[in-house]
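Working through the structure, step by step
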Amino acid sequence: MNGKAEKDYSQYFQPPSLADAKKRGKEEIQVHYEFEIPPEMRGLGEGKFYMIRTYGCQMNEHDTETMKGMLEMMGYRATEDKQQADVILLNTCAIRENAEDKVFGELGHLKALKAERPSLVLGVCGCMSQEESVVQRISQKHPFVDLIFGTHNIHRLPQLLQEAFFSKEMVVEVWSKEGDIIENLPKKREGMRAWVNIMYGCDKFCTYCIVPYTRGKERSRRPQDVLAEVRDLARRGFQEITLLGQNVNAYGKDFEDLDYTFGDLMDDISKIDVPRIRFTTSHPRDFDDRLIEVLSRKGNLMEHIHLPVQSGSTEVLKRMSRKYTRERYLELVGKIKRAIPDAILTTDIIVGFPGETEEQFEETLSLVREVQFDSAFTFIYSPREGTPAASMEDNVPAEVKRDRLRRLNDVMAELSRQSNERMQGQVVDVLVEGESKNNPDVLSARTRTNKLVHFRGSRELIGRIVDVKITETQTWLVKGELVEQPEGAKQAI
Ligand code: SAH
Ligand code: SF4
Ligand code: F3S
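Here goes a summary of the coordinates provided. (Residues numbered from 1 in each chain as written. Chains lettered and ligands numbered in written order. Predicted model: local features only at pLDDT ≥ 70, side-chain atom pairs only at ≥ 80, totals over all residues. Heavy atoms only, no water.)

1. Section: the site of ligand 1
Near ligand 1 there are 15 residues, and of these Gln246, Pro308, Gln310, Asp348 and Ser382 occur at the shortest range. A distance of 2.7 Å separates an oxygen atom of ligand 1 from a polar side-chain atom of Gln310. Asp348 places a polar side-chain atom, nitrogen or oxygen, 2.6 Å from an oxygen atom of ligand 1. Bound to the protein, ligand 1 loses 91% of the 540 Å² it would expose on its own. Breaking the shell around ligand 1 down by element, the ones donating at least two residues are β15 (344-351) and β16 (375-380). (Near = heavy atom within 4 Å. Polar contact = N/O pair within 3.5 Å; in protein donor to acceptor, adjacent residues only side chain to side chain. Areas by Shrake-Rupley, 256 points an atom, 1.4 Å probe, with all protein chains shown as cover. Helix = DSSP H or I, 4+ residues; strand = E, 2+ residues; numbered from the N terminus.)

2. Regarding the site of ligand 2
Neighbouring ligand 2 are the residues Cys202, Lys204, Phe205, Cys206, Tyr208, Cys209, Val211, Pro212, Gln246, His283 and Arg322. Residues belonging to the shell around ligand 2 are distributed by class as follows: 7 nonpolar, 2 polar and 2 charged. (Nonpolar A, V, L, I, M, F, W, Y, C, P; charged D, E, K, R; others polar.)

3. So, the pattern of salt bridges
Pairing between side chains of opposite charge can happen when the charged atoms of each approach one another. For the structure on display, the rule yields 46 salt bridges. For Asp257, the salt bridge is made with Arg222, and the minimal N-O distance between the two is 2.9 Å. You can see Asp257 sitting in the loop between β12 (240-244) and α8 (262-270) and its partner Arg222 sitting in the loop between β11 (219-220) and α7 (223-235), a full 35 residues away along the chain. Relative accessible area serves as the criterion here: at 57%, Asp257 is assigned to the exposed category. Of the charged contacts, one joins Glu303 and Arg448 as a salt bridge, the two residues approaching to 2.8 Å between their closest N and O atoms. Placement of Glu303 in the loop between α9 (289-296) and β14 (304-306) and of Arg448 in the loop between β18 (442-447) and β19 (452-456) is noted, with a sequence separation of 145 residues between them. Of the two residues, Glu303 and Arg448, both sit in the buried class. Salt bridges linked by common partners bring Glu356, Glu358, Glu362, Asp403, Arg404, Arg406, Arg407 and Asp410 together as one network. (Salt bridge = Lys/Arg side-chain N within 4 Å of Asp/Glu carboxyl O. Buried < 20%, exposed > 50% of the residue type's maximum accessible area, 1.4 Å probe, protein only.)

4. Considering the sheet that holds strand β7 (residues 171-173)
Spatially, 6 strands are ordered β3-β2-β4-β5-β6-β7 in an open sheet, and the strand pairing comes out parallel. The open sheet has two edge strands, β3 (77-78) and β7, and neither has a second partner. Sheet topology places strand β5 (residues 121-126) next to strand β6 (residues 147-149); 2 bridges connect them, and they run parallel. Paired with Gly123 across the strands is Leu147, a residue of β6. Contacts between helix α2 (residues 58-73) and the sheet are confined to β2 (49-54), β3, β4 (87-92), β5 and β6, with β2 contributing the most and set at about 170 degrees to the helix. Packing of helix α5 (residues 157-166) onto the sheet brings it into contact with β4, β5, β6 and β7, and relative to β6 it is tilted by some 155 degrees. (Pairing = 2+ DSSP bridges. Contact = heavy atoms within 4.5 Å. Axes fitted to C-alpha atoms, helices over the stretch in contact; angles between N-to-C directions.)

5. Examining the environment of Lys102
Along the chain, Lys102 falls in helix α3 (residues 97-116). Between the C-alpha atom of Lys102 and that of Thr92, which follows or precedes it by 10 residues, the distance is 9.2 Å.

6. Some thoughts on the packing of aromatic side chains
For the structure shown, the criterion picks out 8 aromatic pairs. An angle of 50 degrees between the planes, with centres 6.4 Å apart, marks the rings of Tyr329 and Phe373 as tilted. With Tyr329 in helix α11 (residues 326-339) and Phe373 in the loop between α12 (358-371) and β16, the pair connects residues that are 44 residues apart, well separated along the chain. For the pair Tyr329 and Phe373, one class covers both residues: buried. For the ring pair Phe353 and Tyr381, a centre distance of 5.3 Å and an interplane angle of 70 degrees mean the geometry is edge-to-face. One end of the pair, Phe353, is in the loop between β15 and α12; the other, Tyr381, is in the loop between β16 and α13 (398-421), and 28 residues separate them in sequence. Accessibility assignment for this pair places Phe353 and Tyr381 in one class, buried. Here the aromatic residues Tyr208, Phe353 and Tyr381 are joined through ring pairs into a cluster of three or more. Over the ring of Phe379 we find Arg96; its NZ or CZ atom is 3.7 Å from the centre of that ring. The ring centre of Phe104 lies 3.5 Å from the NZ or CZ of Arg137, which sits over that ring. (Phe/Tyr/Trp six-rings, centres within 6.5 Å; stacked < 30°, edge-to-face > 60°. Lys NZ or Arg CZ within 6 Å of the ring centre and 35° of its normal.)

What is shown is where atoms sit, not what they do.
Pasting the structure below:
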């Protein structure tokens, strides 16, 4: 259409390889503090609009905030209207096949728009871009895409956009290099809740998972940089901060010069004046006693722990290379519950992993009941090219997988309903996040344990922490009434 030749992109990266990836990590991570947008690029977006579609996890959501920050420093303004956008970026997720399908579907829709307005710059970034097969497919089937870049070089967005404007060819820049840490990137945060990366990448190599390949090796931000960012957000009045990492419990393990763990970081952050601190995600393997002790002091550390278990069968966990057994997981849960009796646990579970038998699936059901998770993200196993599990025989029939998912979700719904019923009559403090979706007179809020609460109240309460008495419970939602507050109490900072 616009003369872009088909090219071989294999020079940019290797396909996922466990053997190669496991060799990584020897070279030192560099932290770069000197990020700036070159002055000549600052006006590039004057009078123009951008739109970013984000797929996947909070890591991606937060990367989108960074890209928005850079685009706005270049003069671009946000739009939700495709027709108005001069730049459209798809920040993609590769975790399961259906995540990728959505992006290819969207590219199909955008083709017509690009044909109408050839000046539109259309970019694909995020985890899918780190896969060679995806880049090949885009170059062959969607040659109207102008720009592809990966997860390690989002700080290069200004330069890449400029190149995309002037190049007739598709601009592809994907680094297979692990990625250093770039500090001081601008971020466009909205609302009263903020995400803060504490680390990047993942070295766990669960056999089903693409993330260690798309996000590179585990690397922690320096504590002083994380603490400075949290302090700054506190000063700016943010009410809730969620610390992000694929496996936050591995925080600090890569410091060669410093003995400082995630527990230490949480301890330091608990002293900063932010009402609510959360974190995600915890890998059970590195969850240590120090962290449990720090969390048990509560204060601004919320008693909600997202602790993905994936399966209740030791045999399946072994094939997943999760490096813990059913018993070890239950032991950890026991320890957490003894130290923090009102802690709420949530989890991630995969059903239909290669070779999963009915008995092994039932072990998952029994573990779920034993732990009494409050909620879970549940998934049907999806083979990811290049991961070790993709070469295991995917021998659980599709309808069995669907049936297991349904049975698991039924149990989860029952547990959630029971847990919500236990809240009946309680007075809980909630952070008011906004109006509820269907009724502007009803506010939507979250408890410390991350439960969704709806209650009637004025918009003025948005962004504040207030007390609500629970009056009605449902499966995924509880409803309540505002408890009158003494004047000035629990004001937003
Ligand atoms: N780092 C997080 C998980 C990130 S991915 C952790 O380890 O907890 C989020 C969830 O997606 C995983 O916990 C897992 O349950 C699911 N997932 C990952 N790869 C998958 C695959 N190939 N098929 C199905 N679900 C998958
Ligand atoms: Fe994937 Fe496992 Fe890393 Fe989580 S810990 S991102 S599931 S490899
Ligand atoms: Fe998806 Fe990448 Fe997150 S694969 S789940 S967006 S780390």
